[in-house]
Amino acid sequence: MFATEPTRKAKIRAALLAFVIASQMFLALPMPHRVSESDLRKPEAKEELGRWMSLIHSIGIDWTRDEVKTGVIEWTHWITDNHKGLSKPIKPLRRYLGIGQSWALFAAPDTHPNRLQVEARIDGEWKMVFRRVDPEHRMMNTQISFRRVRGVHDGVSNKPGKIYHALCEFIARGVFEQMPQADAIRVQMYRHHKTAPHKPTDDTVVLRHTVNVRRKDVME
Amino acid sequence: MIRRLLNYWIGIWDLKEHPRSLAVIRICLGLVILFDALEVLRRGLVVPLMGVLDAGGWSSVLLRPNIPLWYQYLPAEPSSAYLLWAGIFTTALCFTLGIFPRISAVGFVLLSAQWNQILPQADRGIDTLVRNAMLIMAVSQCGRTLSLQALWKTGSIYGDGEDVQAWPRHLVICQLVLMYFMTGVQKFGLSWTPFGYYSALYIILQDYAIIRMDFSWLVNQPFYLFTQLSSAITVFWQWSYPIVLLFFHYRLTPDRPGRFRAFAVKYHLHWVWVAVGAVFHLLIAATMELGIFPWAMLALYPAFVHPTEWRWIREKLRLA
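First things first, this report covers the structure right here in the doc. (Residues numbered from 1 in each chain as written. Chains lettered and ligands numbered in written order. Predicted model: local features only at pLDDT ≥ 70, side-chain atom pairs only at ≥ 80, totals over all residues.)

**Considerations on the sheet that holds strand S4 (residues 205-214) of chain A**
Residue and element names in this part refer to chain A. Strand order in the open sheet made by the four strands is S2-S1-S3-S4, with antiparallel pairing throughout. Since the sheet does not close on itself, it has two edges, and those belong to strand S2 (125-131) and S4, each with one partner. On average, each strand axis in the sheet is inclined to that of its neighbour by 25 degrees, with strand direction left out of account. Here eight bridges tie strand S1 (residues 114-122) to strand S3 (residues 184-192), and the two strands are oriented antiparallel to one another. Each residue of the ladder has a partner; that of Val 118, found in S3, is Val 187. Packing against the sheet, helix H7 (residues 162-178) makes contact with S1, S2, S3 and S4, and its axis sits at approximately 65 degrees to S4. (Pairing = 2+ DSSP bridges. Helix = DSSP H or I, 4+ residues; strand = E, 2+ residues; numbered from the N terminus. Axes fitted to C-alpha atoms, helices over the stretch in contact; angles between N-to-C directions. Contact = placed C-beta atoms within 7 Å.)

**Quick look at the packing of helix H1 (residues 8-28) of chain A against helix H9 (residues 167-185) of chain B**
At their nearest, the axes of H1 of chain A and H9 of chain B sit 11 Å apart, and the two run at 20 degrees to each other. Comparing their axes, H9 of chain B and H1 of chain A come out roughly parallel. Pair H1 of chain A / H9 of chain B crosses with right-handed handedness. Taken together, the residues of H9 of chain B that come into contact with H1 of chain A (itself represented by Leu 17, Ile 21, Gln 24, Met 25 and Ala 28 of chain A) are Trp 167, Cys 174, Leu 178 and Met 182 of chain B. Within the contact of H1 of chain A with H9 of chain B, the residues separate by chemical class into eight nonpolar, one polar and no charged. (Parallel < 35°, antiparallel > 145°, perpendicular 65-115°, else oblique. Left-handed = near helix turned anticlockwise from the far one by under 90°. Nonpolar A, V, L, I, M, F, W, Y, C, P; charged D, E, K, R; others polar.)

**Focus: helix H2 (residues 20-42) of chain B**
Across its 23 residues, H2 of chain B extends 32 Å between first and last C-alpha, which sits within 8% of the 33 Å expected from 1.5 Å per residue. Of the residues trailing H2 of chain B, Gly 44 of chain B is marked for its positive phi of about 65 degrees. (Expected span 1.5 Å × (residues − 1).)

**Here's the deal with the interface of chain B and chain A**
Across the contact, 64 residues belong to chain B and 59 residues belong to chain A. Elements with a minimum of two residues in the side of chain B that touches chain A: helix H1 (2-12), H2, helix H3 (46-50), helix H6 (101-118), helix H7 (125-138), H9 and helix H10 (200-204) of chain B. Ranked by residue count, the leading element in the side of chain B that touches chain A is H9 of chain B, at seven residues. The residue makeup of the side of chain B that touches chain A, split by class, is 37 nonpolar, 18 polar and nine charged.

As C-alpha coordinates, then:
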(Lines give C-alpha, C1' and ligand atoms only; values in the text may rest on other atoms or scores of the structure.)
Protein backbone atom coordinates (compact mmCIF):
# COMPACT_ATOMS: atom_id res chain seq x y z
CA MET A 1 0.00 0.00 0.00
CA PHE A 2 2.79 2.43 0.88
CA ALA A 3 5.29 1.08 -1.64
CA THR A 4 5.12 3.96 -4.12
CA GLU A 5 7.20 7.09 -3.60
CA PRO A 6 4.99 9.73 -1.92
CA THR A 7 4.17 12.88 -3.82
CA ARG A 8 5.35 16.32 -2.71
CA LYS A 9 1.77 17.23 -1.82
CA ALA A 10 1.44 14.15 0.37
CA LYS A 11 4.68 14.99 2.14
CA ILE A 12 3.58 18.55 2.90
CA ARG A 13 0.18 17.31 4.12
CA ALA A 14 1.79 14.73 6.38
CA ALA A 15 4.16 17.35 7.82
CA LEU A 16 1.29 19.77 8.50
CA LEU A 17 -0.78 17.06 10.15
CA ALA A 18 2.20 16.02 12.27
CA PHE A 19 2.44 19.62 13.49
CA VAL A 20 -1.32 19.82 14.16
CA ILE A 21 -1.33 16.54 16.10
CA ALA A 22 1.79 17.45 18.08
CA SER A 23 0.42 20.89 19.02
CA GLN A 24 -2.94 19.42 20.05
CA MET A 25 -1.17 16.79 22.15
CA PHE A 26 0.80 19.56 23.84
CA LEU A 27 -2.44 21.42 24.58
CA ALA A 28 -3.91 18.18 25.91
CA LEU A 29 -1.09 17.61 28.39
CA PRO A 30 -2.73 17.14 31.78
CA MET A 31 -2.37 20.55 33.34
CA PRO A 32 -3.36 20.76 36.96
CA HIS A 33 -5.63 23.53 38.11
CA ARG A 34 -3.53 26.48 39.38
CA VAL A 35 -4.07 25.73 43.05
CA SER A 36 -4.22 28.60 45.52
CA GLU A 37 -4.28 28.73 49.30
CA SER A 38 -8.03 29.38 49.24
CA ASP A 39 -8.60 26.37 46.94
CA LEU A 40 -7.03 24.13 49.56
CA ARG A 41 -9.36 25.53 52.23
CA LYS A 42 -12.41 24.17 50.37
CA PRO A 43 -13.92 21.13 52.10
CA GLU A 44 -13.60 18.83 49.08
CA ALA A 45 -9.91 19.79 48.73
CA LYS A 46 -9.32 19.19 52.46
CA GLU A 47 -10.93 15.79 52.12
CA GLU A 48 -8.87 14.87 49.02
CA LEU A 49 -5.69 16.12 50.73
CA GLY A 50 -6.51 14.05 53.78
CA ARG A 51 -6.82 10.93 51.62
CA TRP A 52 -3.48 11.68 49.95
CA MET A 53 -1.82 12.28 53.36
CA SER A 54 -2.98 8.87 54.58
CA LEU A 55 -1.61 7.27 51.42
CA ILE A 56 1.73 9.14 51.66
CA HIS A 57 2.15 8.21 55.32
CA SER A 58 1.16 4.60 54.67
CA ILE A 59 4.13 4.20 52.29
CA GLY A 60 6.54 5.66 54.84
CA ILE A 61 6.97 9.25 53.63
CA ASP A 62 6.77 11.66 56.57
CA TRP A 63 5.77 14.88 54.80
CA THR A 64 3.60 17.23 56.83
CA ARG A 65 0.28 18.55 55.61
CA ASP A 66 1.77 22.04 55.22
CA GLU A 67 4.71 20.73 53.19
CA VAL A 68 2.36 18.94 50.82
CA LYS A 69 0.14 22.03 50.53
CA THR A 70 3.11 24.30 49.75
CA GLY A 71 4.47 21.76 47.28
CA VAL A 72 1.13 21.48 45.48
CA ILE A 73 0.78 25.28 45.21
CA GLU A 74 4.37 25.82 43.97
CA TRP A 75 4.30 22.90 41.53
CA THR A 76 0.93 23.79 40.00
CA HIS A 77 2.01 27.44 39.60
CA TRP A 78 5.30 26.44 37.94
CA ILE A 79 3.75 23.97 35.54
CA THR A 80 0.74 26.11 34.54
CA ASP A 81 2.92 29.21 34.04
CA ASN A 82 5.27 27.30 31.73
CA HIS A 83 2.43 25.66 29.80
CA LYS A 84 0.76 29.04 29.41
CA GLY A 85 4.00 30.60 28.16
CA LEU A 86 4.63 27.87 25.60
CA SER A 87 1.06 27.87 24.28
CA LYS A 88 0.97 31.68 23.98
CA PRO A 89 1.62 31.72 20.20
CA ILE A 90 -1.61 29.84 19.50
CA LYS A 91 -3.67 31.73 22.06
CA PRO A 92 -5.42 33.98 19.47
CA LEU A 93 -6.37 30.88 17.49
CA ARG A 94 -7.87 29.31 20.60
CA ARG A 95 -9.72 32.52 21.43
CA TYR A 96 -11.29 33.12 18.03
CA LEU A 97 -11.97 29.49 17.19
CA GLY A 98 -12.86 28.37 20.70
CA ILE A 99 -10.86 25.17 20.32
CA GLY A 100 -8.92 23.35 23.03
CA GLN A 101 -7.87 20.01 24.42
CA SER A 102 -8.59 20.29 28.16
CA TRP A 103 -10.45 17.15 29.06
CA ALA A 104 -10.54 16.99 32.85
CA LEU A 105 -13.99 15.39 33.00
CA PHE A 106 -14.88 14.29 36.54
CA ALA A 107 -11.17 14.31 37.42
CA ALA A 108 -12.04 14.30 41.13
CA PRO A 109 -15.74 13.73 41.82
CA ASP A 110 -17.34 16.50 43.87
CA THR A 111 -17.96 15.19 47.36
CA HIS A 112 -19.72 18.44 48.35
CA PRO A 113 -22.43 18.90 45.72
CA ASN A 114 -24.77 21.88 45.82
CA ARG A 115 -28.52 21.52 45.53
CA LEU A 116 -30.33 24.53 44.16
CA GLN A 117 -33.63 25.44 45.73
CA VAL A 118 -36.15 28.18 44.94
CA GLU A 119 -38.89 29.34 47.29
CA ALA A 120 -41.72 31.80 46.71
CA ARG A 121 -43.27 33.96 49.44
CA ILE A 122 -47.04 33.93 49.50
CA ASP A 123 -48.89 35.75 52.31
CA GLY A 124 -45.68 35.83 54.34
CA GLU A 125 -45.08 32.07 54.06
CA TRP A 126 -42.19 30.56 52.09
CA LYS A 127 -43.25 27.78 49.75
CA MET A 128 -40.78 25.62 47.85
CA VAL A 129 -41.33 25.77 44.10
CA PHE A 130 -38.12 24.23 42.77
CA ARG A 131 -35.50 21.88 44.06
CA ARG A 132 -32.99 20.01 41.91
CA VAL A 133 -33.89 16.36 41.45
CA ASP A 134 -37.21 16.71 43.23
CA PRO A 135 -40.17 15.58 41.10
CA GLU A 136 -42.58 17.42 43.43
CA HIS A 137 -40.96 20.83 42.90
CA ARG A 138 -40.09 21.48 39.29
CA MET A 139 -41.14 25.04 38.48
CA MET A 140 -38.61 26.54 35.98
CA ASN A 141 -36.89 23.14 35.78
CA THR A 142 -36.78 23.41 31.98
CA GLN A 143 -34.52 26.43 32.30
CA ILE A 144 -32.58 25.77 35.52
CA SER A 145 -31.60 22.20 34.66
CA PHE A 146 -30.48 22.97 31.12
CA ARG A 147 -26.83 22.00 30.64
CA ARG A 148 -25.78 25.52 29.63
CA VAL A 149 -27.43 27.03 32.73
CA ARG A 150 -25.82 24.53 35.11
CA GLY A 151 -22.43 26.20 34.81
CA VAL A 152 -23.95 29.49 35.94
CA HIS A 153 -25.09 28.16 39.32
CA ASP A 154 -23.09 24.99 39.91
CA GLY A 155 -19.70 26.60 39.49
CA VAL A 156 -20.44 29.53 41.77
CA SER A 157 -17.50 30.43 43.99
CA ASN A 158 -17.70 31.57 47.59
CA LYS A 159 -18.81 35.02 46.48
CA PRO A 160 -21.54 34.79 43.84
CA GLY A 161 -21.11 37.46 41.18
CA LYS A 162 -23.34 39.40 38.83
CA ILE A 163 -24.08 36.39 36.65
CA TYR A 164 -25.55 34.40 39.55
CA HIS A 165 -27.67 37.40 40.54
CA ALA A 166 -28.85 37.77 36.93
CA LEU A 167 -29.87 34.10 36.97
CA CYS A 168 -31.79 34.62 40.23
CA GLU A 169 -33.66 37.57 38.71
CA PHE A 170 -34.47 35.49 35.64
CA ILE A 171 -35.83 32.72 37.88
CA ALA A 172 -37.80 35.31 39.86
CA ARG A 173 -39.48 36.69 36.74
CA GLY A 174 -40.45 33.17 35.67
CA VAL A 175 -41.89 32.31 39.10
CA PHE A 176 -43.77 35.63 39.42
CA GLU A 177 -45.38 35.09 36.02
CA GLN A 178 -46.63 31.67 37.09
CA MET A 179 -47.55 32.68 40.65
CA PRO A 180 -49.25 36.08 40.63
CA GLN A 181 -49.79 35.86 44.39
CA ALA A 182 -46.05 35.57 45.21
CA ASP A 183 -44.39 38.82 46.27
CA ALA A 184 -40.80 37.58 46.69
CA ILE A 185 -38.61 34.63 45.90
CA ARG A 186 -35.39 33.36 47.35
CA VAL A 187 -32.79 31.23 45.63
CA GLN A 188 -30.50 29.14 47.83
CA MET A 189 -27.88 26.47 47.54
CA TYR A 190 -27.64 23.63 50.02
CA ARG A 191 -24.20 22.06 50.13
CA HIS A 192 -24.29 18.40 51.11
CA HIS A 193 -21.43 16.12 51.99
CA LYS A 194 -21.54 12.86 50.08
CA THR A 195 -19.32 10.06 51.30
CA ALA A 196 -18.61 6.68 49.80
CA PRO A 197 -20.44 3.77 51.51
CA HIS A 198 -17.26 2.52 53.18
CA LYS A 199 -17.00 5.80 55.10
CA PRO A 200 -19.17 7.21 57.87
CA THR A 201 -22.09 9.27 56.60
CA ASP A 202 -22.14 13.01 57.17
CA ASP A 203 -25.55 14.69 57.16
CA THR A 204 -24.14 18.21 57.47
CA VAL A 205 -25.88 20.59 55.11
CA VAL A 206 -24.54 24.11 54.62
CA LEU A 207 -26.77 26.88 53.32
CA ARG A 208 -25.06 29.10 50.75
CA HIS A 209 -25.63 31.93 48.33
CA THR A 210 -29.09 33.08 49.41
CA VAL A 211 -30.47 35.71 47.05
CA ASN A 212 -33.82 37.38 47.68
CA VAL A 213 -35.70 39.03 44.83
CA ARG A 214 -38.85 41.07 45.39
CA ARG A 215 -41.58 41.29 42.78
CA LYS A 216 -41.38 45.06 42.61
CA ASP A 217 -37.65 44.85 41.78
CA VAL A 218 -38.07 42.85 38.58
CA MET A 219 -41.68 43.07 37.43
CA GLU A 220 -42.44 46.80 37.61
CA MET B 1 14.05 2.36 9.31
CA ILE B 2 13.34 6.10 9.75
CA ARG B 3 12.64 6.43 6.05
CA ARG B 4 10.21 3.51 6.24
CA LEU B 5 8.43 5.10 9.21
CA LEU B 6 8.26 8.45 7.43
CA ASN B 7 6.82 6.81 4.33
CA TYR B 8 4.29 5.01 6.50
CA TRP B 9 3.29 8.31 8.17
CA ILE B 10 2.93 10.03 4.80
CA GLY B 11 1.04 7.04 3.43
CA ILE B 12 -1.61 6.86 6.14
CA TRP B 13 -2.49 10.52 5.60
CA ASP B 14 -2.65 10.03 1.84
CA LEU B 15 -5.30 7.31 1.77
CA LYS B 16 -8.50 7.83 -0.14
CA GLU B 17 -11.97 6.44 0.47
CA HIS B 18 -15.65 7.05 -0.24
CA PRO B 19 -16.94 10.12 1.67
CA ARG B 20 -19.85 8.14 3.20
CA SER B 21 -18.50 8.04 6.78
CA LEU B 22 -17.61 11.73 6.76
CA ALA B 23 -21.10 12.55 5.49
CA VAL B 24 -22.71 10.48 8.26
CA ILE B 25 -20.61 12.36 10.85
CA ARG B 26 -21.67 15.64 9.23
CA ILE B 27 -25.37 14.76 9.43
CA CYS B 28 -25.26 13.33 12.97
CA LEU B 29 -23.15 16.15 14.40
CA GLY B 30 -25.24 18.75 12.60
CA LEU B 31 -28.47 17.28 13.99
CA VAL B 32 -27.08 17.34 17.53
CA ILE B 33 -26.04 21.00 17.18
CA LEU B 34 -29.43 21.89 15.70
CA PHE B 35 -31.19 20.14 18.57
CA ASP B 36 -29.09 22.06 21.09
CA ALA B 37 -29.82 25.39 19.40
CA LEU B 38 -33.54 24.64 19.26
CA GLU B 39 -33.50 23.66 22.94
CA VAL B 40 -32.02 27.07 23.81
CA LEU B 41 -34.87 28.71 21.89
CA ARG B 42 -37.59 26.43 23.29
CA ARG B 43 -36.47 27.07 26.86
CA GLY B 44 -36.50 30.84 26.32
CA LEU B 45 -32.78 31.12 26.98
CA VAL B 46 -31.53 32.91 23.87
CA VAL B 47 -31.26 36.34 25.50
CA PRO B 48 -30.15 35.10 28.95
CA LEU B 49 -27.34 32.97 27.50
CA MET B 50 -26.27 35.17 24.59
CA GLY B 51 -27.17 38.64 25.82
CA VAL B 52 -25.35 41.04 28.10
CA LEU B 53 -26.44 42.21 31.54
CA ASP B 54 -28.13 45.46 30.50
CA ALA B 55 -30.13 43.70 27.80
CA GLY B 56 -31.69 40.91 29.84
CA GLY B 57 -28.72 38.61 29.46
CA TRP B 58 -26.41 37.12 32.07
CA SER B 59 -23.09 37.98 30.50
CA SER B 60 -20.96 40.53 32.29
CA VAL B 61 -18.58 40.65 29.36
CA LEU B 62 -19.04 44.38 28.74
CA LEU B 63 -17.53 45.02 32.16
CA ARG B 64 -14.37 43.11 31.22
CA PRO B 65 -11.41 44.42 29.21
CA ASN B 66 -11.65 41.87 26.37
CA ILE B 67 -15.03 42.46 24.79
CA PRO B 68 -15.94 39.77 22.22
CA LEU B 69 -16.04 40.94 18.60
CA TRP B 70 -19.79 40.30 18.52
CA TYR B 71 -20.48 43.05 21.03
CA GLN B 72 -17.74 45.31 19.69
CA TYR B 73 -19.69 45.65 16.46
CA LEU B 74 -23.28 45.01 17.52
CA PRO B 75 -25.34 46.89 20.08
CA ALA B 76 -25.91 45.48 23.57
CA GLU B 77 -29.55 44.67 22.82
CA PRO B 78 -31.64 41.48 22.83
CA SER B 79 -31.73 41.59 19.01
CA SER B 80 -27.96 40.97 18.94
CA ALA B 81 -28.48 37.83 21.01
CA TYR B 82 -31.18 36.62 18.61
CA LEU B 83 -28.92 37.40 15.66
CA LEU B 84 -26.16 35.27 17.16
CA TRP B 85 -28.60 32.43 17.73
CA ALA B 86 -29.91 32.75 14.16
CA GLY B 87 -26.34 32.64 12.84
CA ILE B 88 -25.54 29.49 14.79
CA PHE B 89 -28.80 27.84 13.77
CA THR B 90 -28.45 28.75 10.08
CA THR B 91 -24.84 27.59 9.79
CA ALA B 92 -25.71 24.33 11.61
CA LEU B 93 -28.70 23.78 9.31
CA CYS B 94 -26.65 24.43 6.16
CA PHE B 95 -23.92 22.13 7.47
CA THR B 96 -26.39 19.31 8.18
CA LEU B 97 -28.11 19.60 4.81
CA GLY B 98 -24.81 19.89 3.02
CA ILE B 99 -25.24 23.41 1.69
CA PHE B 100 -21.72 24.83 1.48
CA PRO B 101 -20.82 22.54 4.41
CA ARG B 102 -17.21 23.70 4.70
CA ILE B 103 -18.08 27.40 4.83
CA SER B 104 -20.99 26.62 7.17
CA ALA B 105 -18.67 24.69 9.51
CA VAL B 106 -16.21 27.60 9.69
CA GLY B 107 -19.09 30.04 10.24
CA PHE B 108 -20.48 27.88 13.02
CA VAL B 109 -17.08 27.62 14.75
CA LEU B 110 -16.53 31.39 14.66
CA LEU B 111 -20.02 32.15 16.00
CA SER B 112 -19.89 29.43 18.63
CA ALA B 113 -16.52 30.77 19.80
CA GLN B 114 -18.09 34.21 20.19
CA TRP B 115 -20.81 32.65 22.34
CA ASN B 116 -18.10 31.00 24.41
CA GLN B 117 -16.50 34.42 25.00
CA ILE B 118 -19.82 36.06 25.83
CA LEU B 119 -20.75 33.55 28.56
CA PRO B 120 -17.95 31.04 29.26
CA GLN B 121 -19.98 29.47 32.07
CA ALA B 122 -22.50 28.25 29.49
CA ASP B 123 -19.83 26.66 27.34
CA ARG B 124 -19.01 23.11 28.36
CA GLY B 125 -16.23 20.74 27.34
CA ILE B 126 -18.47 19.16 24.73
CA ASP B 127 -18.86 22.51 22.98
CA THR B 128 -15.09 22.71 22.61
CA LEU B 129 -15.04 19.19 21.20
CA VAL B 130 -17.83 20.06 18.76
CA ARG B 131 -15.85 23.08 17.53
CA ASN B 132 -12.71 20.94 17.15
CA ALA B 133 -14.67 18.38 15.13
CA MET B 134 -16.35 21.07 13.03
CA LEU B 135 -12.96 22.47 12.09
CA ILE B 136 -11.90 19.03 10.90
CA MET B 137 -15.14 18.79 8.94
CA ALA B 138 -14.39 22.20 7.43
CA VAL B 139 -11.24 20.84 5.81
CA SER B 140 -12.88 17.58 4.73
CA GLN B 141 -14.98 16.64 1.71
CA CYS B 142 -17.93 15.75 3.93
CA GLY B 143 -20.38 17.36 1.51
CA ARG B 144 -19.49 15.12 -1.43
CA THR B 145 -22.33 12.70 -0.67
CA LEU B 146 -25.68 12.69 1.14
CA SER B 147 -25.92 16.45 0.68
CA LEU B 148 -27.83 19.06 -1.27
CA GLN B 149 -24.50 20.23 -2.63
CA ALA B 150 -23.95 16.77 -4.14
CA LEU B 151 -27.47 16.86 -5.59
CA TRP B 152 -26.85 20.25 -7.11
CA LYS B 153 -23.46 19.36 -8.57
CA THR B 154 -24.07 15.80 -9.78
CA GLY B 155 -27.84 15.41 -9.98
CA SER B 156 -27.76 12.74 -7.27
CA ILE B 157 -27.87 13.16 -3.51
CA TYR B 158 -25.22 10.41 -3.34
CA GLY B 159 -22.79 12.45 -5.41
CA ASP B 160 -20.42 11.15 -8.05
CA GLY B 161 -19.13 8.26 -5.94
CA GLU B 162 -15.54 9.40 -6.25
CA ASP B 163 -13.12 8.80 -3.42
CA VAL B 164 -11.89 11.66 -1.24
CA GLN B 165 -9.03 12.12 1.23
CA ALA B 166 -9.52 9.87 4.26
CA TRP B 167 -7.34 11.85 6.65
CA PRO B 168 -10.13 14.03 8.14
CA ARG B 169 -11.88 10.85 9.32
CA HIS B 170 -8.60 9.60 10.76
CA LEU B 171 -8.12 12.94 12.48
CA VAL B 172 -11.54 12.60 14.13
CA ILE B 173 -10.42 9.18 15.41
CA CYS B 174 -7.21 10.77 16.76
CA GLN B 175 -9.32 13.46 18.46
CA LEU B 176 -11.50 10.86 20.17
CA VAL B 177 -8.50 8.79 21.24
CA LEU B 178 -6.76 11.86 22.65
CA MET B 179 -9.86 12.97 24.49
CA TYR B 180 -10.64 9.61 26.07
CA PHE B 181 -7.02 8.97 27.03
CA MET B 182 -6.49 12.41 28.54
CA THR B 183 -9.76 12.17 30.44
CA GLY B 184 -8.46 8.96 31.95
CA VAL B 185 -5.01 10.33 32.72
CA GLN B 186 -6.51 13.30 34.55
CA LYS B 187 -8.65 11.23 36.86
CA PHE B 188 -6.43 12.02 39.82
CA GLY B 189 -9.13 11.70 42.49
CA LEU B 190 -8.40 8.73 44.71
CA SER B 191 -11.99 7.59 44.33
CA TRP B 192 -11.05 6.47 40.80
CA THR B 193 -8.45 4.09 42.26
CA PRO B 194 -8.47 1.02 44.52
CA PHE B 195 -7.31 3.33 47.37
CA GLY B 196 -10.67 5.07 47.15
CA TYR B 197 -12.50 1.77 46.61
CA TYR B 198 -13.47 2.85 43.08
CA SER B 199 -16.27 4.91 44.61
CA ALA B 200 -16.06 7.70 42.00
CA LEU B 201 -19.11 6.80 39.97
CA TYR B 202 -21.20 6.38 43.11
CA ILE B 203 -20.16 9.88 44.28
CA ILE B 204 -20.79 11.40 40.84
CA LEU B 205 -24.29 9.91 40.89
CA GLN B 206 -24.98 11.79 44.15
CA ASP B 207 -24.19 15.19 42.57
CA TYR B 208 -27.50 17.04 42.42
CA ALA B 209 -26.28 19.39 39.72
CA ILE B 210 -25.97 16.68 37.09
CA ILE B 211 -28.04 13.63 38.01
CA ARG B 212 -31.33 12.94 36.28
CA MET B 213 -32.99 11.30 39.30
CA ASP B 214 -32.29 10.29 42.88
CA PHE B 215 -29.57 7.64 43.06
CA SER B 216 -29.21 7.37 46.84
CA TRP B 217 -30.36 3.71 46.56
CA LEU B 218 -27.03 2.89 44.94
CA VAL B 219 -25.62 2.65 48.46
CA ASN B 220 -27.20 -0.82 48.68
CA GLN B 221 -25.59 -3.95 47.30
CA PRO B 222 -25.26 -5.17 44.63
CA PHE B 223 -25.81 -1.73 43.10
CA TYR B 224 -22.79 -0.16 44.82
CA LEU B 225 -20.63 -3.01 43.58
CA PHE B 226 -21.90 -2.33 40.08
CA THR B 227 -20.82 1.33 40.35
CA GLN B 228 -17.40 0.23 41.63
CA LEU B 229 -16.98 -2.14 38.69
CA SER B 230 -18.14 0.59 36.32
CA SER B 231 -15.59 3.04 37.77
CA ALA B 232 -12.79 0.50 37.34
CA ILE B 233 -13.89 -0.32 33.77
CA THR B 234 -14.13 3.39 32.92
CA VAL B 235 -10.57 4.08 34.09
CA PHE B 236 -9.18 0.98 32.36
CA TRP B 237 -11.08 1.75 29.15
CA GLN B 238 -9.89 5.37 29.06
CA TRP B 239 -6.27 4.57 29.91
CA SER B 240 -6.15 1.81 27.30
CA TYR B 241 -7.92 3.75 24.55
CA PRO B 242 -4.75 4.44 22.49
CA ILE B 243 -4.68 0.71 21.71
CA VAL B 244 -7.44 1.48 19.21
CA LEU B 245 -4.77 3.22 17.10
CA LEU B 246 -2.72 0.02 17.15
CA PHE B 247 -5.76 -1.93 15.94
CA PHE B 248 -6.24 0.53 13.09
CA HIS B 249 -2.57 0.14 12.22
CA TYR B 250 -3.13 -3.63 12.09
CA ARG B 251 -6.11 -3.13 9.82
CA LEU B 252 -3.96 -1.08 7.46
CA THR B 253 -1.24 -3.73 7.45
CA PRO B 254 -3.10 -7.06 7.78
CA ASP B 255 -0.58 -8.99 5.67
CA ARG B 256 2.29 -8.45 8.07
CA PRO B 257 3.12 -11.29 10.49
CA GLY B 258 1.97 -11.65 14.09
CA ARG B 259 -0.70 -13.74 15.75
CA PHE B 260 -2.10 -10.83 17.78
CA ARG B 261 -2.34 -8.75 14.59
CA ALA B 262 -4.22 -11.55 12.84
CA PHE B 263 -6.51 -12.01 15.86
CA ALA B 264 -7.21 -8.25 16.15
CA VAL B 265 -7.99 -7.94 12.45
CA LYS B 266 -10.11 -11.08 12.28
CA TYR B 267 -12.23 -10.25 15.33
CA HIS B 268 -12.38 -6.47 14.79
CA LEU B 269 -11.00 -5.84 18.28
CA HIS B 270 -11.34 -2.06 17.95
CA TRP B 271 -15.09 -2.57 18.11
CA VAL B 272 -14.75 -3.67 21.75
CA TRP B 273 -13.49 -0.20 22.72
CA VAL B 274 -16.03 1.49 20.46
CA ALA B 275 -18.89 -0.60 21.88
CA VAL B 276 -17.85 0.06 25.50
CA GLY B 277 -17.76 3.78 24.64
CA ALA B 278 -21.26 3.64 23.15
CA VAL B 279 -22.63 1.86 26.25
CA PHE B 280 -20.78 4.37 28.47
CA HIS B 281 -22.41 7.31 26.67
CA LEU B 282 -25.86 5.74 26.65
CA LEU B 283 -25.61 5.12 30.41
CA ILE B 284 -24.57 8.76 30.90
CA ALA B 285 -27.58 9.86 28.82
CA ALA B 286 -29.87 7.71 30.97
CA THR B 287 -28.52 8.79 34.36
CA MET B 288 -27.23 12.36 33.98
CA GLU B 289 -28.55 15.62 32.60
CA LEU B 290 -25.54 16.55 30.53
CA GLY B 291 -27.52 17.68 27.51
CA ILE B 292 -25.91 16.93 24.16
CA PHE B 293 -22.71 15.50 25.67
CA PRO B 294 -23.39 11.79 25.04
CA TRP B 295 -25.11 12.42 21.70
CA ALA B 296 -22.39 14.69 20.32
CA MET B 297 -19.81 12.10 21.31
CA LEU B 298 -21.79 9.34 19.59
CA ALA B 299 -22.23 11.57 16.54
CA LEU B 300 -18.46 11.30 16.02
CA TYR B 301 -18.47 7.50 16.26
CA PRO B 302 -19.16 6.95 12.52
CA ALA B 303 -15.48 7.91 12.16
CA PHE B 304 -14.66 4.42 13.40
CA VAL B 305 -16.57 2.90 10.49
CA HIS B 306 -14.67 2.51 7.23
CA PRO B 307 -16.93 3.52 4.32
CA THR B 308 -16.92 -0.05 3.04
CA GLU B 309 -18.25 -1.33 6.38
CA TRP B 310 -21.61 0.48 6.21
CA ARG B 311 -23.11 -2.21 3.97
CA TRP B 312 -21.98 -4.88 6.48
CA ILE B 313 -23.50 -2.89 9.37
CA ARG B 314 -26.76 -2.42 7.46
CA GLU B 315 -27.02 -6.15 6.78
CA LYS B 316 -26.28 -7.00 10.44
CA LEU B 317 -28.94 -4.53 11.60
CA ARG B 318 -31.43 -5.96 9.12
CA LEU B 319 -30.74 -9.46 10.39
CA ALA B 320 -31.09 -8.31 14.00
